[in-house]
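Residue strings, one per chain:
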Amino acid sequence: RSTRDDLVTGAKKAMKLDDGAGLVSLVESLGVDIDAVVPQLRGRTLLHLACEGNKQLCCRALLEAKADPNVLSMPYRAENAAGISGPVRRCPLHVAVLYRNHSCMEELLSSPQISVNCTDSDGRTPLHLAALHSDEQAIEALLSRNGDANAQDRWGKTAVHLAHEKMEMATN
């Protein structure tokens, strides 16, 4: 078995239990870079995985162990619910917002290294995704931490544009 296989197997067990200390211990014992983008995890880091699964203790432990909250995943097919098609690269904050995992989102936002306005490969910020999902809690949290409501994605749309379009579609 390879180190990567041991990492994937051990990480999935630790994530299932939300065992942050165990997860960090595993990474250290295997000598793996805590920010490694792992193909067997759909090209994501452990922090992406924790944010997707809403594993707050794993998220906190990874951040305390100096995981970089701004690492982009490898391109993977985006979820249709986000209104995006094609392969997209995202940071963990995008993932936490996309899955409405507010506890992980708050952990990330408390990190001094976080880039609140990080962009995915479509130029969308976490605020764009929060607006697409009409997630008021995420919108408020991102704006209170200087989320840029005027940031434009690659199609020239801001989070406000996306929220307005979604409201128009809902009323039609």
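This text follows the structure it describes.
These notes cover the structure that comes with them.

How each quantity is defined
- Residues numbered from 1 in each chain as written.
- Predicted model: local features only at pLDDT ≥ 70, side-chain atom pairs only at ≥ 80, totals over all residues.
- Heavy atoms only, no water.
- Helix = DSSP H or I, 4+ residues; strand = E, 2+ residues; numbered from the N terminus.
- Rg over C-alpha atoms; globule rule 2.2 N^0.38 Å.
- Buried < 20%, exposed > 50% of the residue type's maximum accessible area, 1.4 Å probe, protein only.
- Contact = heavy atoms within 4.5 Å.
- Lys, Arg positive; Asp, Glu negative; His and termini not counted.
- Charge placed at Lys NZ, Arg CZ, Asp CG, Glu CD.
- Arc of directions from axis to C-beta.
- Salt bridge = Lys/Arg side-chain N within 4 Å of Asp/Glu carboxyl O.

**Details of the overall build of the protein chain**
For step 1, the next point in the chain: Scanning the protein chain from terminus to terminus reveals 9 helices and 2 strands.
For step 2, the next point in the chain: Overall, the protein chain shows an N-to-C arrangement of helices and strands of α-α-α-α-β-β-α-α-α-α-α.
For step 3, the next point in the chain: Its C-alpha atoms give the protein chain a radius of gyration of 16 Å, near enough to 16 Å, the size a compact globule of 172 residues would have.
For step 4, the next point in the chain: On the principal axes, the C-alpha backbone points of the protein chain span a range of 55 × 30 × 25 Å.
For step 5, the next point in the chain: Counting the 172 residues in the protein chain, one finds 49% classified as buried.
For step 6, the next point in the chain: For the protein chain, long-range pairs separated by at least 24 residues make up 61% of all intrachain contacts whose partners lie at least 6 apart in sequence.
For step 7, the next point in the chain: Once the 19 positive and 22 negative side-chain charges of the protein chain are each reduced to a mean point, those two points are 6 Å apart.

**Topic: helix H2 (residues 20-30)**
For step 1, the next point in the chain: Among the residues making up H2, those that are buried are Gly20, Leu23, Val24, Leu26 and Val27. The arc that holds the buried residues of H2, viewed along the axis, is 155°, so those residues lie on one side. Turned more than 90 degrees from where H2 packs its buried face, Ala21, Glu28 and Ser29 sit exposed.
For step 2, the next point in the chain: Directly after H2, the chain includes Gly31, whose backbone phi takes a positive value near 70°.

**Things to note about the pattern of salt bridges**
For step 1, the next point in the chain: Here the structure, examined in full by the defined rule, presents 8 salt bridges.
For step 2, the next point in the chain: As a salt-bridge pair, Asp122 and Arg154 come within 3.0 Å of each other at their nearest N and O atoms. Here Asp122, found in the loop between helix H6 (102-109) and helix H7 (126-132), pairs with Arg154, found in the loop between helix H8 (136-144) and helix H9 (159-171); they are 32 residues apart in sequence, far enough to count as distant.
For step 3, the next point in the chain: Classification of Arg154 by relative accessible area gives exposed; the value is 56%.

Without other data, these values stay purely geometric and don't point to any function.
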